[in-house]
Amino acid sequence: GRLPAAVAVGEEVPLEGGPPDHSYSLSSGTTSEELLRKLNEQRDIIALLEVKMKEMKGSIRRLRLAEAQLREEIREKDRLLHAASAGTRKRHGL
């Protein structure tokens, strides 16, 4: 005694002319509890995003510090290379 597939599907399809099933559309039947629940969900999402933003700011700060250290190392190596090449030029210019 299985139901025909069409009947099973038909039960899930919203009736024509019914309120659109979008989270942002507030049909006249929206209760204050539903509104509160949606508000709380959005508040949770915003709180999560704020935490993520703080984490990203921390990451950016660490990356900037790492970049500054690398630039300093490169400058130091450049100085050593220039000093070394200047030294070899002097030796060969005897």
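Let me begin by describing the structure that accompanies this report. Each residue is numbered by its place in its chain's sequence as written, counting from 1. Whole-chain, interface and lining totals are the exception, using all residues; otherwise, since this is a predicted model, local features are given only for residues with pLDDT of at least 70 and side-chain atom pairs are given and counted only at 80 or more. In computing side-chain values, all of the structure's heavy atoms are included and hydrogens and water are not.

Describing the pattern of salt bridges
Thinking step 1. Here, a salt bridge means any Lys or Arg side-chain nitrogen found within 4 Å of an Asp or Glu carboxyl oxygen. This model, assessed by the stated rule, comprises five salt bridges.
Thinking step 2. Ionic pairing is found between Arg 37 and Glu 41, a salt bridge with its closest N-O pair at 3.2 Å. Linking Arg 37 with Glu 41, this pair stays in helix H2 (residues 32–92), spanning four residues, or about one helical turn.
Thinking step 3. Classification of Arg 37 by relative accessible area gives partly exposed; the value is 45%.
Thinking step 4. Burial status follows relative accessibility: with a 1.4 Å probe on protein chains alone, a residue under 20% of its type maximum counts as buried, one over 50% as exposed, and anything between as partly exposed. Classification of Glu 41 as partly exposed rests on a relative accessible area of 40%.
Thinking step 5. A salt bridge links Arg 71 to Glu 67; the nearest nitrogen and oxygen atoms lie 2.9 Å apart. With Arg 71 and Glu 67 both in helix H2 and four residues apart, the pair spans about one turn of that helix.
Thinking step 6. Owing to a relative accessible area of 48%, Arg 71 belongs among the partly exposed residues under this scheme.
Thinking step 7. If you follow the salt bridges from partner to partner, you end up with Glu 72, Arg 75, Glu 76 and Arg 79 in one network. The helix count covers DSSP runs of H or I at least four residues long, the strand count covers runs of E at least two residues long, and both are numbered beginning at the N terminus.

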